[in-house]
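Residue-level listing of the chains:
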Amino acid sequence: MNICDLAPAYIRAISPYQPGKPISELAREMGMDEQSIIKLASNENPLGTSPMALNAMSKALGEVSLYPDGSGFELKTALSERYGVTSDQIVLGNGSNDVLELAARVFLKPGASTVYSQHAFAVYPLVTKAVGGIGISVPARNYGHDLDGMLDAVAPETRVVFIANPNNPTGTLLPADDVLRFLERVSPDVLVVLDEAYNEYLPPALKGDSIAWLKQFPNLLITRTFSKAYGMAGVRVGFGLAHPQVAGLMNRVRQPFNVNNIGLAGAVAALQDEEFVKRSYALNQAGMLQIVTGLRQMGIEYIPSYGNFLSFRVPGDVKAVNESLLRQGVIVRPISIYEMPEHLRVTVGLEPENEKFLKSLAIALETAGGAAADTIPEMTARVSQVAAGGSA
Ligand SMILES: Cc1ncc(COP(=O)(O)O)c(C=O)c1O
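What counts and how
Residues numbered from 1 in each chain as written. Predicted model: local features only at pLDDT ≥ 70, side-chain atom pairs only at ≥ 80, totals over all residues. Heavy atoms only, no water. Core = buried A, V, L, I, M, F, W, Y, C linked by side-chain atoms within 4.5 Å. Buried < 20%, exposed > 50% of the residue type's maximum accessible area, 1.4 Å probe, protein only. UniProt positions renumbered as here; feature names shortened; annotations may be inferred. Helix = DSSP H or I, 4+ residues; strand = E, 2+ residues; numbered from the N terminus. Pairing = 2+ DSSP bridges. Axes fitted to C-alpha atoms, helices over the stretch in contact; angles between N-to-C directions. Domains from an automatic or database assignment. Contact = heavy atoms within 4.5 Å. Buried area = accessible area lost by both parts, 1.4 Å probe. Salt bridge = Lys/Arg side-chain N within 4 Å of Asp/Glu carboxyl O. Polar contact = N/O pair within 3.5 Å; in protein donor to acceptor, adjacent residues only side chain to side chain. Nonpolar A, V, L, I, M, F, W, Y, C, P; charged D, E, K, R; others polar.

Undergrad: Outline the nonpolar core, supporting the account with residue identities and numerical values.
TA: Counting residues in each nonpolar core, the largest one holds 52 residues, and the members touching the most others are Leu 75 and Phe 226. If you look at the next biggest cluster of nonpolar residues, it comprises 30 residues, including Val 99, Leu 108, Tyr 116 and Val 193.

Undergrad: Quick rundown of the UniProt feature "domain: Aminotransferase class I/classII large" (unreviewed entry) in the protein chain? Include the residues and the values.
TA: Within this structure's numbering, the places UniProt gives as "domain: Aminotransferase class I/classII large" (unreviewed entry) are residues 37-358. For residues 37-358, helix accounts for 39% and strand for 17%, while the C-alpha atoms at its two ends are 14 Å apart.

Undergrad: I'd like a rundown of the sheet that holds strand β3 (residues 113-117), residues and numbers included.
TA: Within the open sheet, the seven strands sit side by side as β2-β8-β7-β6-β5-β3-β4. Their pairing is mixed. Looking at the sheet topology across the chains shown, the edges are occupied by β2 (90-93) and β4 (134-138). For this sheet, the mean inter-axis angle between neighbouring strands, taken without regard to orientation, is 20°. Bridge count for strand β7 (residues 220-225) against strand β8 (residues 238-242) is five bridges, and the pairing is antiparallel.

Undergrad: Describe in detail the domain arrangement of the protein chain, supporting the description with residues and values.
TA: When cut into domains, the protein chain gives domain 1 (19-47 + 275-387) and domain 2 (51-272). Once you take the C-alpha centre of each, domain 1 and domain 2 turn out to be 28 Å apart. The interface is formed by 26 residues belonging to domain 1 together with 27 residues belonging to domain 2. The junction of domain 1 with domain 2 conceals about 2,100 Å² of combined surface from both sides, 61% of it contributed by carbon and sulfur atoms. Linking domain 1 with domain 2 are zero salt bridges. For the interface between domain 1 and domain 2, the tally reads ten residue pairs in polar contact (both at pLDDT 80 or more). Elements that contribute at least two residues to the side of domain 1 that touches domain 2 include exactly α12 (274-297), β10 (309-313) and β13 (343-347). Of all the elements, α12 adds the most residues to the side of domain 1 that touches domain 2, at six residues. When its residues are assigned to classes, the side of domain 1 that touches domain 2 shows eleven nonpolar, eleven polar and four charged.

Undergrad: Lay out helix α6 (residues 123-130) with the relevant residues and their values.
TA: Along α6, the positions that sit buried rather than exposed are Val 123, Tyr 124, Pro 125, Val 127 and Thr 128. Buried residues belonging to α6 abut α5 (96-107), β3, β4, β5 (158-164) and β6 (191-195). Phi for Gly 132, located one or two positions after α6, is positive at around 80°.

See below:
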């Protein structure tokens, strides 16, 4: 008997999470110079990290021989001031993935279920299955969450509902009122995890006051992250906001030092650098317009996105187009595991990166035979015009 055969069947059945291809890996595989490669595959911030956060993290390097503050006192104080919650409502995580996993570990047991949308973030089924839970995937409506369908799918064994707003990889956004109505209708015995990893990329008019809902709904957990607009994906800091009793349970099961001292110091400083988040937001708006304009010029169908990424339908052989993009040094994300085998997802980058992506895509479609051959020369010309700042 192999020791691995003794692992629970629900663990053995898990397919591993597939991250975006690292630049170093593509460089090795293709014998390319890392400098010539752009990665638009993991929804990272193309501006990098706030200089204030970088400075604080450099200083924290001098303390890595010490364990971090396991209570995260300073970061929780900063977050409670920013969001008007008490420190005992906060759960810090090694990225918001950690917080999602803590929610599953606290509220699920083998046989309990979670409800999430088709095409929703891949970590929801993963954390469900890791504790022997059953994931109920509700068919999406126009690539977005069907909240009525999700409400109907809640079963007596359901303990957690995951809502990604905006969702990754579709970029769809639910109106705040719809989420509020869902909270009013769902059983208070079900924890509603409202994953707002991309909240900072939303135009102010579209941001719901979800944090205010915490007062009304003790079964609400909001998750946020420093990985996206704050540009700190590599140091892994996220957090959850919830009722103190929910946060208390989650804090009991987390690792005592789950957030490292570099991440803690960086996050405190990043919160103060509002200018950096503003710049990240503005760059994303402009880059999204650039990409959308280019795709439209090429006649490529895409799902309008509220995040820092966009999924588009490849007219033709997705695998061949993706391989061509890789050969041209452009890493995007295939999303067949999201039941979207005809789409690729691109992260909004810097202006020249978006330009390179659009040009490379036009070439990829041509060489991979993805688009009708007679439209290609015209398409390539139009993309060059858009990329050069011409009219859309
Ligand atoms: C919807 C969504 N939630 C959560 C996360 C987790 O991010 P992190 O663990 O870096 O905070 C991601 C990352 O891609 C995401 O897309």
